[in-house]
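# Summary of structural features
Given next are the chains, with one letter for each unit.
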Amino acid sequence: MSVRCASPQVVIAVLTFRRPDDLAEVLPALVEQARSVQAPGMRVEVLVVDNDPQGGAEPLVRGVADDHSRIGTSVRVRYENETVPGISAARNRALDAARDARLLVFIDDDERPGPGWLADLLATYRSHDCAAVVGPVVSRFVREPDPWVRAGRFFDRRRMPTGTAVEVAATNNLLLDLDVVRRAGLRFDEAFGISGGDDTMFTRQLHAAGGRMVWCDEAVVTDVVPTSRVTRRWVVLRALSSGNSWGTTSVALLRGAGVGRRLRTRVQLTGAGAVRVVGGLARAAAGTLAGSAGHQARGVRTLARGAGMVTGAWGWSYLEYRRR
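The following paragraphs examine the structure supplied in this document.

Criteria and cut-off values
Residues numbered from 1 in each chain as written. Predicted model: local features only at pLDDT ≥ 70, side-chain atom pairs only at ≥ 80, totals over all residues. Heavy atoms only, no water. Pairing = 2+ DSSP bridges. Helix = DSSP H or I, 4+ residues; strand = E, 2+ residues; numbered from the N terminus. Contact = heavy atoms within 4.5 Å. Axes fitted to C-alpha atoms, helices over the stretch in contact; angles between N-to-C directions. Salt bridge = Lys/Arg side-chain N within 4 Å of Asp/Glu carboxyl O. Buried < 20%, exposed > 50% of the residue type's maximum accessible area, 1.4 Å probe, protein only. Parallel < 35°, antiparallel > 145°, perpendicular 65-115°, else oblique. Left-handed = near helix turned anticlockwise from the far one by under 90°. Nonpolar A, V, L, I, M, F, W, Y, C, P; charged D, E, K, R; others polar. Phe/Tyr/Trp six-rings, centres within 6.5 Å; stacked < 30°, edge-to-face > 60°. Lys NZ or Arg CZ within 6 Å of the ring centre and 35° of its normal. Core = buried A, V, L, I, M, F, W, Y, C linked by side-chain atoms within 4.5 Å.

Strand pairing within a sheet occurs via backbone hydrogen bonds; the two strands may be parallel or antiparallel. Taken together, the 8 strands give an open sheet; going across it, the order is S3-S2-S1-S4-S9-S6-S10-S8, and neighbouring strands pair in mixed fashion. At either end of the open sheet lies a strand with only one pairing partner, and these are strand S3 (76-81) and strand S8 (165-166). As defined by bridge partners, S8 adjoins strand S10 (residues 213-215) across 2 bridges and the pair is classed as antiparallel. Its bridge partner being in S10, Ala165 is matched across the sheet by Val214. Contacts from helix H1 (residues 20-37) reach strand S1 (10-16), strand S2 (44-50), S3 and strand S4 (103-108), with the element oriented near 160° to S2.

Okay, structure coming up:
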């Protein structure tokens, strides 16, 4: 991996932190995705950014790279170690490592790309003249969630027709035009490194800077959900985290604005969050009385998201990526 190569046009970045089994499964799949779209004048590289200060993923990545080199695969697999803790530092390391590329594609280490995933992202990018392409995530469970979690639709994610414009996205299935990103001077905000939400902040800033983001419904990735993430506690805290990220980023986007405008935004977020808290509480109570797990769970989900919005509006952050 130290051999100098021509600059790639596309870099697929997967961030990891002490999940060797997931990484061992996804890396060969990403290499195959890259190989499937390479053509004369078109180079694709797979980049692993390891956020483990001890560099625990390096032997695995180098082993995959050596294996593909021996069989003549032209796709380069590269390793980068980001020792600063926090998801935003790792994402910024990916931006820096892809500085000579035109496109950067993010995917999580616990996700698996579907057939034609990369080709579909690239086709949508070319046909819609956009700054970013966002794809859907579907869940596959190691253990089936209990009926309450299913009824709450905690793992349901949005789906839209290809070409639909979007204003915010996560980095779990995202293609970025780095020329647009560089012109806008965007980085992932490391103030959100432990709480998460930096991808929400980044894509909202990209949209505000005029970067058009579109949906590609064919470019599906599958999220492999471990047993630890199908508990009631985890899914409720995830809903709270989602609302909290929206609240904190909404205020952070106004850092250069006047005190009055920031205060109005905080009050608006508080009002919107409070409506969700009250409505969610009422629905959860009604569901409990009626014996409806669906109404109860969806009420709790709405309540948690609303509580996250309120707390985020006033500066409290849920530290989702805190390390113990």
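On we go from here.
Within the open sheet, the 3 strands sit side by side as S5-S11-S7. Their pairing is mixed. Looking at which strands have only one partner, the edges of the open sheet turn out to be strand S5 (111-113) and strand S7 (137-141). Each strand of the sheet is rotated relative to its neighbour by a mean of 30°, with strand direction disregarded. As paired strands, S7 and strand S11 (residues 221-225) are joined by 5 bridges and run parallel to one another. Bridged to Arg140 within S11 is Val224. Against the sheet, H1 makes contact with S5 and S7, and its axis sits at roughly 20° relative to S5, the strand it touches most.

The tally for this structure, following the rule as stated, stands at 24 salt bridges. When the shortest N-O distance is used, the salt bridge between Arg93 and Glu82 registers 3.2 Å. Residue Arg93 is located in helix H3 (residues 87-97), and its partner Glu82 is located in the loop between S3 and H3; the two are separated by 11 residues in the primary sequence. Look at the salt bridges and you will find they share partners, linking Glu45, Arg76, Arg78, Glu80, Glu82 and Arg93 into a network.

Further remarks concern unusual backbone geometry. Backbone geometry places Arg18, a non-glycine residue, at a positive phi of 55°. Summarising the element assignment, Arg18 is placed in the loop between S1 and H1. The residue Asp129 is not glycine, and still its phi comes out positive at about 45°. Taking the relative accessible area as the measure of exposure, Asp129 reaches 70% and is therefore exposed.

With that settled, the discussion passes to the packing of helix H7 (residues 198-208) against helix H8 (residues 232-252). In contact at an axis separation of 9 Å, H7 and H8 are set at 45° when each is read in the N-to-C sense. In this view, H7 runs oblique relative to H8, as classed from their interaxial angle. As for how H7 packs across H8, the hand of that crossing is right-handed. Contacts from Thr200, Met201 and Arg204 of H7 reach H8 at Trp246, Thr249, Ser250 and Ala252. Looking at the contact of H7 with H8 residue by residue, the classes come out as 3 nonpolar, 3 polar and 1 charged.

Here we come to the pairing of S3. For S3, the buried fraction is high: 5 of the 6 residues fall into the buried class. Both S2 and S3 contribute to a ladder of 6 bridges, which runs parallel. Its bridge partner lying in S3, Leu47 is registered against Arg78.

Enumeration over the complete set of coordinates arrives at 5 aromatic pairs. Ring plane angle 5° and centroid distance 6.4 Å describe the contact between Phe155 and Trp234, whose orientation is recorded as stacked. Residue Phe155 is found in the loop between helix H5 (147-151) and S8, and its partner Trp234 is found in helix H8; the two are separated by 79 residues along the sequence. Taking 4.2 Å as the distance between ring centres and 15° as the angle between the ring planes, the aromatic pair formed by Phe188 and Phe202 counts as stacked. Taken together, the positions of Phe188 in the loop between helix H6 (178-184) and H7 and Phe202 in helix H7 put the pair 14 residues apart, joining distant regions of the chain. The exposure class assigned to Phe188 is buried, which follows from its relative accessible area of 2%. Three or more aromatic residues joined by ring pairs form one cluster here, namely Phe106, Phe188 and Phe202. A cation sits over an aromatic face here: Arg91 above Phe188, 6.0 Å from the ring centre. Directly above the ring of Trp246 sits Arg204, whose terminal nitrogen or CZ lies 3.7 Å from the centroid.

Let's shift gears to the side chain of Asp199. Within the fold, Asp199 resides in helix H7. Relative accessible area serves as the criterion here: at 10%, Asp199 is assigned to the buried category. The residues touching Asp199, leaving out its near neighbours within four places in the chain, are Arg91, Ala169, Ala170, Thr171 and Phe188.

Before going further, it helps to spend a moment on the nonpolar core. Generally speaking, soluble globular proteins have nonpolar side chains that are buried together. In this structure, Ile12, Val46 and Trp117 are the most contacted members of the largest nonpolar core, which totals 37 residues. Elements with a contribution of two residues or more to this core: S1, H1, S2, helix H2 (58-70), S3, S4 and helix H4 (117-128). The contact partners of Trp117, leaving out residues within four places of it in the chain, are Ile12, Leu30, Gln33, Val105, Ile107, Asn173, Ala219, Val220 and Val221. Val11, Val134, Val180 and Leu186 belong to the second largest nonpolar core, which has 30 residues in total.

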